[in-house]
Amino acid sequence: MSWHLARGLLAALVAMQALAWGLARGLRVRVEVRAMALGLAVPLGLLSPWLFGGELLAPTGLLDRVVSFSGIGHEVRRTHLLLSDPMFQLLPWELEVRHALRERRLPMWSDRLDGGSSPWLNPQAGALSPVAVAARLTPIQHFFDVTLCLKMLLAFEGTWLLVRRLGRSRVAALLAAASFALGGGVMSWGLFAVSSTVVWVPWLTLACVQLFRRPAPRTIAAAALVTAALLLSGHPEIALAGGLFAAVCGLALRRRTRRGVAAAGLAGKARLSRRAGRTRGLAAAGLAALLGFGLAAPVLVPFLRAVPASQRARDMLGAEMPDHDFRALEPASWFLGPTAAYLRSPINPRVYGLPYEEPFRGPFDWADALGGYTGLVAFAGAVVALFVVRDRRAWPFLGSALVILLLVAGFAPFAWLIYSVPALRVPAYSRFLPVACLGLAVAAAFGCDFMVYRRERRLQLAAALAAAAAISLLADSSPEILLVWGLVAGAALAARWGRRRQLGPRFAAVLLAAALALDLGPWARRLLPRGQGELFYPRSELIETLVRETGGDAWRVVGVEQLVYPSILPVYGLAEVRSNNALVPGDYLRVLRAAFGFDPSAAHYYSPFDHVDHPLLSFLNVRAVVSNIWVPRPRTLVPVAAPGIAPFVVYRNPAALPRWFVPAAVDLIERRALERWIAGLSEPGRVAVFRDEVARVGGPGADGRGGLSAQPADRRPLAWRPARLVAGVPGHLELDVPGAGNRLLATSLPQPGGWRARAGGRPLPKLTVDGAFLGVLVPAGASRVELDFTPPGFRSGLSACALALCALLYLAWRSWRAERAVTARPSRP
């Protein structure tokens, strides 16, 4: 381990542990020293090969399919190739955030990603994610192993505190916390924002339990902070599922009036007391949720504003209920297609095969399918809690886990409801499985406590464990699985062995801990890739050629078909045209689809990019195109001499336009005619604007004249004029616009709704150019134009955040006054 990594890891662990300790104090619980020690030992022990060895927690072998490693001299280890998103999306996004913070600006805009996009709008970029913020103290190549270490710490300690608050023993808290931290809810999504978000769900559930039982200003403030952390961690589906899970558990576990009050003839008062307590709890939880939303509003409001116009919303809202024949007497028809296999995810670690080592036999992919496995100890404990333990406190956790499993498995009644309400189609419900893991782990604490410390209902316990083992072994009966079930059975027997009551339970606890470690330890490590440090985005001759051709990010670059798929090239400082983000605006994809056939979707994640001879390529500022020797040569592009990059080929586009220019001609078109106009485009210097926008702003060209000219009658080549960049950073530009009269400044900057244009301190009207890009009407006499990007909704979110901070300060003052009054109260003699 390098000194830089060791120093950063220590600082990140201390910061996260301090945050966990402070939140626990705010929620009126105490983090025991043993819980903190185990919360650090479990992740450090599991991740030691990555933290203390020479391996990286990243599938670096993926890059050999994108950027050739020929000539590097290292054998490429190709494992976990399914996990492409961390290398193709998450690390490029994280790098853009780090670059912005290093330049002391917020990551509002990136010129390199998706043809120009806002990392602030993208929740998975984690601009303000607490886990990502702490991990930024370490080098980027160790981002995933450090973040996973922090996630496991939060998951372990949060689950421990929740189980202890429910009255379970330390043994049960240890087993539940380790099951959740090592289970599929965290480990199968260990490199993704799913796990960054789900680790806050036990903390939020604990906060809801506290609010419904004993609402207080300090508890409300702490719950608001946990809610904000959940919302900022980068995965909206988990935040939604986690919030609903916490609310249900908090409401179900609210404090109830003692039976003795009703028996004393005060049943009416008892009902009033219950109603008042429920009302106070709901009010406190609602206030905490509102304040948490307000704290996260600067990120959350822009995201919510962007969703309706995004690729993701287009795909999900367009989905339709598949044909399905539901027959009440045939259980197989109760579910939609193969998704019913998700119901088997909790029963066996090899239910879909040996992870990443055998052919996959489950629904969708390894990450999704394994997200519901919490370990055989947790499965056995949950079965015991369901059929043997008579404790209502386990019911909301079991019930929530069952509902999530049915939802993810495509239970037909749930599916009909989802497809009947358009807004319900947007979430990806398979991402709810990690929350079910928490429900199973906490419910298992009740069953494990019964196995270790209780002596009654032995036959029922034996029957429940036998049924759980039989179900599990039907899926896979490997020797390792048999050994784990043998340890679980041995623990149930050892707890009832001998007359010395303490020896048996202690031995049983050791056996259960050994079963958990034998099961989840090797299984969790199989889910994690082992990358090679020397292959972490190496600079090949292909990259050097592209840098020379484009001058870094002065010009854009693109690959034909699916070559050098985004967002790999932005890692090297190269600006990419194609998008690799589900939140990319739909109008931008509409333009790329019309010109190049580029149309990524939920069904076809990676889309080819063709027809690079189209003139729109020049409008998009593309100077270099990556192809290979098997793809036909484009007619309008010039090959670049670079023999060392074979089998790749780089072409130069000599007609590429700058990103901002004054066009020679502008066409006024109707919105529905955009595709037809793009198909007929012959000159990149000619642009189109929507007729209704021009009429609305009342600017030049509203009458067909005044700077918005038509094609000359003699069809002479169009003469566009470049604007000169005076100064600028991503998201803020100062341009000198040529010309003296009214004219249009056209750019290839997408998301025109977020840009503001000013000249001499006065705002300038905007137009949409070529269907998706920023255009500015520059009046006569103005030459210097300033362009600023702010995500739509950011300012209103910032105002909501300020109000929430004021409310938190008021709650802190109220709590301080209350505690001071208690301290100053004289004690009775």
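Residues numbered from 1 in each chain as written. Predicted model: local features only at pLDDT ≥ 70, side-chain atom pairs only at ≥ 80, totals over all residues. Heavy atoms only, no water.

## Describing the packing of aromatic side chains
Right, so step 1: Under the definition given, this model contains 27 aromatic pairs.
Right, so step 2: With centroids separated by 4.6 Å and ring planes inclined at 50°, the aromatic side chains of Trp109 and Phe789 adopt a geometry described as tilted. Placement of the pair is Trp109 in the loop between α4 (85–102) and α5 (130–135) and Phe789 in strand β19 (residues 784–789), with a sequence separation of 680 residues. With respect to class, Trp109 is no different from Phe789; both count as buried.
Right, so step 3: Geometrically, the ring pair formed by Phe598 and Phe609 is tilted, given 6.0 Å between the ring centres and 55° between the ring planes. Here Phe598, found in the loop between α25 (586–596) and α26 (616–619), pairs with Phe609, found in the loop between α25 and α26; they are 11 residues apart in sequence, far enough to count as distant.
Right, so step 4: Look at Phe598 and you get buried, because its relative accessible area is 0%.
Right, so step 5: Exposure remark for Phe609: the relative accessible area of 0% places this residue in the buried category. (Phe/Tyr/Trp six-rings, centres within 6.5 Å; stacked < 30°, edge-to-face > 60°. Helix = DSSP H or I, 4+ residues; strand = E, 2+ residues; numbered from the N terminus. Buried < 20%, exposed > 50% of the residue type's maximum accessible area, 1.4 Å probe, protein only.)

## Details of the sheet that holds strand β3 (residues 556–559)
Right, so step 1: The strand order β4-β3-β5-β7-β6 describes an open sheet built from 5 strands, whose pairing is mixed. Where the open sheet ends on each side, the last strands, each with one partner, are β4 (575–576) and β6 (638–639).
Right, so step 2: Taken strand by strand, helix α24 (residues 541–550) contacts β3, β5 (622–628) and β7 (648–652), and its axis lies near 155° from that of β5. (Pairing = 2+ DSSP bridges. Contact = heavy atoms within 4.5 Å. Axes fitted to C-alpha atoms, helices over the stretch in contact; angles between N-to-C directions.)

## Re the packing of helix α6 (residues 143–165) against helix α20 (residues 433–453)
Right, so step 1: Between α6 and α20, the shortest axis-to-axis distance is 10 Å and the interhelical angle comes to 45°. Compared by their axis directions, α6 and α20 come out oblique. Like other packed secondary-structure pairs, α6 and α20 cross with a definite hand, here right-handed. Across the interface between the two elements, Thr159, Leu162 and Val163 from α6 touch Leu438, Val442 and Ala445 from α20.
Right, so step 2: Tallied by class, the residues present in the contact of α6 with α20 amount to 5 nonpolar, 1 polar and no charged. (Parallel < 35°, antiparallel > 145°, perpendicular 65-115°, else oblique. Left-handed = near helix turned anticlockwise from the far one by under 90°. Nonpolar A, V, L, I, M, F, W, Y, C, P; charged D, E, K, R; others polar.)

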